[in-house]
Amino acid sequence: MGKVLIIGAGGVGQVTAHKCAQVPEVFSDIMLASRTLSKCEQIAAQLKRPIKTARVDADNVSELVTLIRDFKPDCIIHVALPYQNLNIMEACLETGTNYIDTANYETPDNPNFCYDLQWKYHDSFKDRGIMALLGSGFDPGVTNVFTAYAKKHYFDEMHELDIIDCNAGDHGQPFATNFNPEINIREITSNGRFYENGEWKETEPLSLSRTYDFPEGIGEKKIYMMFHEELESLVKHFPSIKRARFWMTFSDNYLKHLGVLQAVGMTSIKPVEYQGQEIVPLQFLKAVLPDPASLGPLTKGKTCIGCIVKGIKSGKEVEYYVYNSCDHEEAFKETGSQAVSYTTGVPAMIGAMMLITKKWEGKGVFNMEEFDPDPFMDKLNQYGLPWKEIFLKG
Ligand SMILES: NC(=O)c1ccc[n+]([C@@H]2O[C@H](COP(=O)([O-])OP(=O)(O)OC[C@H]3O[C@@H](n4cnc5c(N)ncnc54)[C@H](OP(=O)(O)O)[C@@H]3O)[C@@H](O)[C@H]2O)c1
């Protein structure tokens, strides 16, 4: 039915390729392309049906254009790094191809976490008659769809939104990140930000915390407030929201190691000179930390990511919690990747499915909450990320 080009052969690319390959009735032809061809070939060899592979440098627009013209995909799922978003969007414009990603654009020297530079493409995508779907991972991604689902079915007005991301998995390593260490540490060491009464309020990194009692046998964990990009689009598209915050769990051990690395300058993105060569400390740190892909067979436990929404329905107060819990070992058994990659790759595949099957249609640049959440929620249940809902009030 449709041709999909997946760019990026890391942990998320691996899950996306597995999940697309499981749905031949939608993804009739699949190509996986990345900077290192052997990683694409390794993933292709795990699959039950043949897919094409290619080498591409996604920092190079003309290389991308040549590859796209050759394969002619209906849509691109970009799961390489956020540095490549604009290049791939440019290549999509040049070739008239639909675009999906899972993280907002960042420049290597500025972890800016904002959608402006991608939203600016709305008119050119619209004029070209193509669609860009931004942030089709779990958070952003499913959390946006959860919020849209809450609004559609249970609220006249949403007033407060708390997105809570818990990874209760244990990989037994002294210190490791669950996805690309460079992108992950840039996010965590940035200032926190939350939205209150029409204003963004900034906080010192991880300076606000509380305890949350998670379902699914996970229990109490400490959660830390930080900024996450979906807050920006959600308060834009649901203007009744008065307060929006994002929280993530970190273990004491993780924070202890991160604190030391920060204190000695190893998480800095400012280049330093070393033996006559410029190196970025964080990029060097990435090179010595465990590759997130190597954590797959080691990680045990579950994730639990969801949204708590407070607001009003028919004049009554409602508090609603919707979440998914994903088991690391089950994710690994199915796709060879742990649950953090799994919970990103499955929604990336479903986003492409929405687009190719025309359940979600549009010309321009869109965030996930701008479409009908129902078909996406159905597919989450069908393709490995079942969700649950609890009414805490109302
Ligand atoms: N929304 C969410 O919930 C969520 C959650 C987790 C991750 N993410 C996003 O998912 C993306 C992938 O994460 P990951 O953990 O899979 O990262 P990863 O394991 O580091 O994989 C990134 C892949 O991109 C490839 N790549 C990097 N630069 C490239 C370039 N210039 N051209 C072509 N390929 C290039 C890398 O190639 P090499 O192998 O040659 O290095 C690698 O295969 C990231 O953007 C991350 O922010 C989103």
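Residues numbered from 1 in each chain as written. Predicted model: local features only at pLDDT ≥ 70, side-chain atom pairs only at ≥ 80, totals over all residues. Heavy atoms only, no water.

(A) A look at the overall build of the protein chain. Helix and strand counts for the protein chain stand at 14 helices and 18 strands. Its C-alpha atoms put the protein chain at 55 × 55 × 40 Å along the principal axes. Taken over 394 residues, the protein chain has a buried fraction of 56%. Considering only contacts within the protein chain whose residues lie at least 6 apart along the sequence, 71% involve residues at least 24 apart. Taken as a whole, the protein chain presents about 16400 Å² of accessible surface, with 48% of it coming from carbon and sulfur. (Helix = DSSP H or I, 4+ residues; strand = E, 2+ residues; numbered from the N terminus. Buried < 20%, exposed > 50% of the residue type's maximum accessible area, 1.4 Å probe, protein only. Contact = heavy atoms within 4.5 Å. Areas by Shrake-Rupley, 256 points an atom, 1.4 Å probe, with all protein chains shown as cover.)

(B) Focus on the sheet that holds strand 2 (residues 27-34). An order of 3-2-1-4-5-6-17 is seen for the 7 strands of this open sheet, with the pairing classed as parallel. Edge positions in the open sheet fall to strand 3 (52-55) and strand 17 (364-367), since each of these has one partner strand only. Neighbour-to-neighbour, the strand axes of this sheet turn through a mean angle of 20 degrees, independent of strand direction. Note: strand 1 (residues 2-7) against strand 4 (residues 75-78), 4 bridges, orientation parallel. By the bridge assignment for strand 4, Leu-5 is matched with Ile-76. Set on the sheet, helix 1 (residues 11-21) makes contact with strand 1, strand 2 and strand 4; between it and strand 1 the angle comes to about 165 degrees. Relative to the sheet, helix 2 (residues 37-46) contacts strand 2 and strand 3, its axis offset from that of strand 3 by approximately 165 degrees. (Pairing = 2+ DSSP bridges. Axes fitted to C-alpha atoms, helices over the stretch in contact; angles between N-to-C directions.)

(C) How the structure looks around the environment of Gly-296. Within the secondary structure layout, Gly-296 lies in the loop between helix 11 (281-288) and strand 15 (302-313). On the basis of relative accessible area, Gly-296 is assigned to the buried category, the value being 1%. Sequence spacing of Gly-296 and His-122 is 174 residues, and the spatial spacing of their C-alpha atoms is 37 Å. With residues up to four places along the chain from it excluded, the contact list for Gly-296 reads Phe-332 and Gln-338.

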